[in-house]
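Next come the chains, spelled out residue by residue.
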Amino acid sequence: MAYAYYDKSGILHVVDHLGVAVDNCKGIVVETNIANEGGYPVVDGKQIIFDTNIGKSQCYGESGEKELMDTPDEIEELINKIFKNEYSLASENSSPLLP
């Protein structure tokens, strides 16, 4: 099990430790089964950097430079889960952790 959140800069992160997620989240933390590496989600072996400010995903290409890419479905679903639940919590004043 891993934990997903976006930070104060609007970058999506996925980590293995709940405490890290809670300490660094801007909104809420949700549970996920998405793999992670270095605090970022990994899909099809690629570390994905999703910026909520621009609504785009990036990954490191062959040259080692960040490249824009289509956002994988798994990441879209995760972002939607975070934002949907964050909206729900705003009206309920609940805990920042959701399954």
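Quick summary incoming for the structure in this document. It should be emphasised that the depicted structure is a prediction, and the values quoted were computed from it without experimental measurement.

Describing the overall build of the protein chain
Within the protein chain, the regular secondary structure consists of two helices and ten strands. The proportion of buried residues among the 99 residues of the protein chain is 41%. Looking at the protein chain alone, contacts between residues at least 24 apart form 47% of all its contacts between residues at least 6 apart.

What about the nonpolar core?
Formed by 15 residues in total, the largest nonpolar core has its most connected members in Ala4, Leu12, Val30, Ile75, Leu78 and Ile82. For this core, the secondary-structure elements that each account for two or more residues are β1 (2–6), β2 (12–15) and α2 (73–92). The leading source of residues in this core is α2, at four residues.

Some words on the packing of aromatic side chains
Evaluation of the coordinates by the stated rule reveals one aromatic pair. Aromatic side chains Tyr6 and Phe83 sit 5.2 Å apart centroid to centroid with 35° between the ring planes, which places their arrangement in the tilted category. Note that Tyr6 is positioned in strand β1 and Phe83 in helix α2, a separation of 77 residues in sequence. Residue Phe83 is classed as partly exposed on the basis of its relative accessible area of 35%.

Here's the deal with the pairing of strand β8 (residues 56–60)
Judged from the three bridges that link them, strand β7 (residues 49–51) and β8 form a sheet pairing that is antiparallel. Along β8, the bridge assignment pairs Asp51 with Lys56. Adjacent in sequence and paired antiparallel, β7 and β8 are bridged by four residues, among which Gly55 carries a positive phi angle near 65°. Relative to strand β9 (residues 66–69), β8 is paired through four bridges, and the arrangement is antiparallel. Along β9, the bridge assignment pairs Ser57 with Met69. Linkage of β8 to β9, two consecutive antiparallel strands, is achieved through a turn of five residues, within which Gly64 is found at a positive phi near 90°.

Each value, and the rule that gives it
Residues numbered from 1 in each chain as written. Predicted model: local features only at pLDDT ≥ 70, side-chain atom pairs only at ≥ 80, totals over all residues. Heavy atoms only, no water. Helix = DSSP H or I, 4+ residues; strand = E, 2+ residues; numbered from the N terminus. Buried < 20%, exposed > 50% of the residue type's maximum accessible area, 1.4 Å probe, protein only. Contact = heavy atoms within 4.5 Å. Core = buried A, V, L, I, M, F, W, Y, C linked by side-chain atoms within 4.5 Å. Phe/Tyr/Trp six-rings, centres within 6.5 Å; stacked < 30°, edge-to-face > 60°. Pairing = 2+ DSSP bridges.

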